[in-house]
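Analysis of the macromolecular model
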Amino acid sequence: MGRPETPPDGKYTTEPLRFIRSGGRDLNGKVVNAKIGGGPKVSWFMRDSNYPEVGERDEKVLRVHPDPVRTAHLALVGSGNHKRYIIAHQNVKEGDVITTSCQIPPIPVRAVEGNAHPLGALPIGTIVHNIEKIPGEGGRICKAGGSSALILRTLGDKVVLRLPSKHEMALDPKCMATVGQVSNSGHDAIPWKGVGEKMSSGYRPRTGWRHRKTGYHGRKIKPKRTFIVKPTPPKYETFKLSGV
Amino acid sequence: MRITRQLFVSRKSRIKLLLDNLTYKDLPLNAPALSDVDIVKVNERKKHEEKQQSLPPELADDPRFYVPLKHEERKNYRQVPAFLYNNKCRFIEGTKQACVLTKSLRFDGLPENVQQLVDKFEVPNESRLVQKAILKSQLWDSAKELLPRRKDPEYPNFKFNREYGIPLEKKLNMLSFDFFRIAETAVAAKYPQTTKTRRMIFNPSGMATFFKYNESLLSFYVGINAVITSRSMLSPFVPEEQVESKSSGSIPSIYPISPTIDFFKTHNYNLKNSIGFSEISSKFPHTLILLNDNDWSEDERQARALVTAMGVLLAQAKKTFPGIKARLPAPMAVQVVNVSETALNFTYFQLNTVDFDNTEDNVKNFVWFDTNNVLFDKLMPQPWKGDEFKRTRIESLDLDGFKKLLATVGYCADLEESLTQFHDKLIEL
């Protein structure tokens, strides 16, 4: 519901940055979505979902706190002279040590919560998050609060996963993923207290009290529209030859 | 749902996408040979075409098209990078990280030489003078400036009204300099020659050092609020004969992190080694005074005190023993007092070696921490609780911290008195 103010260098920082709310307005300044407006001033943190391209690295968890813009919690993690923010998994505490490794041994690795391994190194039945689609690209799948994916089986060269939408996806075994479930799992089960809480968090109501009624209001009974027209394959004349 | 222009446009592009990615499901019997078709394996995503670079602006100084300078073009560029430290570096692991950086063993409490001086300096009407100093800084000052917004962790959604009052910086200045004025008069009543040898300098400038730590250059620019100097060096807390026997403990490790994680890495820097007050007769630091005008925890404030003490002593050691790389022939010591709004913190640091890389060594530096000596309780208003909690309350005075302050200011005062008498007698002869 807005955009952040990225630093002019383009480099990664752990400092909080300004978050500009859109108010439902487009680039031209006109209202495109009237159900957005208001909300508290929040700061935006740069979250790193890329995996380092080294053999093995150890990192230590320094701080854990909720993220005002996203549903998952943030964990500050440091190694050497570099600090970064990552997605926090369910049972994370200050002082834990996390390892990432890019190797695929012949025997599958014992999965420890928080560590990152390629998909070919993990045994069947592990729960993972922050999964890459193409190796070296960065985490794309399962980043929201409470989500997780399950490794089902191997299919030849590829590894099959079950996503939170119950689709199955086949991926390269070199793609990286972290073990565990994302934090803040019950965030969608908490109902809103009322209109006041919604309005103060940035949502505006759907309609007012009295409006002129036109042909658009009311129950809609319309035929389904034909959406996709697949081009049919060309028809060939078929002859049945009988041997004489 | 109202169909808006954005949704209509996105619908069109989705149809286009679907039509582009269609495939045949049923192949015909007489299909053409597949050898003509190239199979493309997806290894990388399509990269967006780079937009053409816009033309340069007509005016060279147009601020709308400003591009910041690169690192090589700014001044003081060096190829070897350095890590910079200043007052605003906040150590993420606190005193543990600072101890690893300075290779120092940690002790809690006061050192023995200073513990013996508690209750030896008398101040008439001590509690009345301390209460006066507290109320001067908190209540009687006539400053009216807009204070920052308040947030209470017990009730985060409560909105306080904006208030006008005394800013934090002024409160700390009033409190600390009243305390040190009382302490210096008490010490001077017992040892009157210290008024000639000692000086108090406000905001000394130009304190800087540099050294190598694990093949990386560190550069310190240290900021101090005030300092008490004396004509002779402080006698160390542990004499030289007992240094090796007492440095038998081990320093804890912070394995995946290096202690320079909070420093600022640059290629543009200046190296400098100087103490700001070396051109006067009383040129040895006795106590450093730091005012905590921030919202850090007490642990982080003590870590800052340790690192500033180390920086000051390093600059002095490089001048008195030029070209030194390991153990000092004579150890050096300094005291630091940390003043926050309601409490006092003390650190006592002794420098024995300059070799900070080697953690398994016979000789280490020593540090004593004494944190959170609370003088009074300040309870801010919480109007949702009732009428009793509407105003700020200042309660329960505790004078232990003030007595420790008298002991730190009066350390080595008797030595200075005897030295000046010796010096005066020589002049007479």
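Residues numbered from 1 in each chain as written. Chains lettered and ligands numbered in written order. Predicted model: local features only at pLDDT ≥ 70, side-chain atom pairs only at ≥ 80, totals over all residues. Heavy atoms only, no water.

A closer look at the overall build of chain B
The number of helices and strands found in chain B is 10 helices and 15 strands. The buried share among the 429 residues of chain B stands at 41%. Taking as baseline every contact in chain B between residues at least 6 positions apart, the subset at least 24 positions apart corresponds to 78%. (Helix = DSSP H or I, 4+ residues; strand = E, 2+ residues; numbered from the N terminus. Buried < 20%, exposed > 50% of the residue type's maximum accessible area, 1.4 Å probe, protein only. Contact = heavy atoms within 4.5 Å.)

Considering the overall build of chain A
If you tally the helices and strands in chain A, you get one helix and 15 strands. For 244 residues, the compact-globule formula gives about 18 Å, and the C-alpha radius of gyration of chain A, at 25 Å, lies well above that figure. Once the C-alpha set of chain A is aligned to its principal axes, its extents read approximately 85 × 65 × 40 Å. For chain A, the proportion of its 244 residues judged to be buried stands at 31%. Partitioning the intrachain contacts of chain A with sequence separation of at least 6 by distance along the chain shows that 58% fall at a separation of at least 24. When the accessible surface of chain A is totalled, it reaches about 16600 Å², and 53% of it is carbon and sulfur. Both charge centroids of chain A, one from 40 positive and one from 21 negative side chains, sit 15 Å from each other. (Rg over C-alpha atoms; globule rule 2.2 N^0.38 Å. Areas by Shrake-Rupley, 256 points an atom, 1.4 Å probe, with all protein chains shown as cover. Lys, Arg positive; Asp, Glu negative; His and termini not counted. Charge placed at Lys NZ, Arg CZ, Asp CG, Glu CD.)

Thoughts on the sheet that holds strand E2 (residues 17-21) of chain A
Residue and element names in this part refer to chain A. The three strands lie next to each other as E1-E2-E3, forming an open sheet whose pairing is antiparallel. Two strands lie at the open edges of the sheet, namely strand E1 (2-4) and strand E3 (43-44), each paired on one side alone. The sheet contact formed by E1 and E2 spans three bridges and is antiparallel. Along E2, the bridge assignment pairs Pro4 with Phe19. (Pairing = 2+ DSSP bridges.)

Focus on the UniProt feature "domain: Large ribosomal subunit protein uL2 RNA-binding" (unreviewed entry) in chain A
Within this structure's numbering, the places UniProt gives as "domain: Large ribosomal subunit protein uL2 RNA-binding" (unreviewed entry) are residues 24-100 of chain A. Helix makes up 0% of residues 24-100 of chain A and strand 36%, and the two end C-alpha atoms of the span are 40 Å apart. (UniProt positions renumbered as here; feature names shortened; annotations may be inferred.)

With respect to the nonpolar core
In globular proteins that are soluble, nonpolar side chains generally tend to be buried together. By size, the foremost hydrophobic cluster in this structure holds 91 residues, and its most contacted members are Phe91(B), Phe211(B), Leu218(B), Phe220(B), Phe263(B), Phe349(B) and Phe356(B). Considering every element that reaches this core, the biggest residue donor is helix H8 (residues 298-320) of chain B, with 11 residues. Counting residues in hydrophobic clusters, the runner-up holds 15 residues, among them Leu122(A), Val128(A), Leu163(A) and Ala177(A). (Core = buried A, V, L, I, M, F, W, Y, C linked by side-chain atoms within 4.5 Å.)

Structural notes on helix H5 (residues 168-190) of chain B
Its 23 residues give H5(B) an end-to-end C-alpha distance of 34 Å, which sits within 8% of 33 Å, the value for a rise of 1.5 Å per residue. Within H5(B), burial applies to Lys171(B), Leu172(B), Leu175(B), Ser176(B), Asp178(B), Phe179(B), Phe180(B), Ile182(B), Ala183(B), Ala186(B), Val187(B) and Ala188(B). (Expected span 1.5 Å × (residues − 1).)

Section: the packing of aromatic side chains
Residues and elements named next belong to chain B. Inspection of the entire model under this criterion finds 23 aromatic pairs over all chains. Ring plane angle 50° and centroid distance 5.6 Å describe the contact between Tyr155 and Phe158, whose orientation is recorded as tilted. Put simply, the rings of Tyr85, Phe91, Phe211, Phe220, Phe263 and Phe356 pair up and form one aromatic cluster. The ring of Phe107 carries Lys246 above its face, with NZ or CZ at 5.0 Å from the centroid. Between Lys385 and the ring centre of Phe389, over which it is positioned, the NZ or CZ distance is 5.6 Å. (Phe/Tyr/Trp six-rings, centres within 6.5 Å; stacked < 30°, edge-to-face > 60°. Lys NZ or Arg CZ within 6 Å of the ring centre and 35° of its normal.)

Structural notes on unusual backbone geometry
We note that Lys166(A) has phi near 65°; this positive angle belongs to a residue other than glycine. Within the secondary structure layout, Lys166(A) lies in the loop between strand E13 (158-162) and strand E14 (168-171).

Some points on the confidence of the model for chain B
Within chain B, residue pLDDT values average 87, and 87% of them lie at 70 or more. We note a pTM of 0.82 for the whole complex and an ipTM of 0.78 for its interfaces. (pLDDT = per-residue confidence, 0-100.)

Quick word on the pairing of strand E6 (residues 208-213) of chain B
Residue and element names in this part refer to chain B. Bridge count for E6 against strand E7 (residues 216-221) is six bridges, and the pairing is antiparallel. Bridging from a neighbouring strand, Phe211 pairs with Leu218 of E7. Between E6 and the antiparallel strand that follows it, E7, lie two residues; Asn214 among them carries a positive phi value of about 55°.

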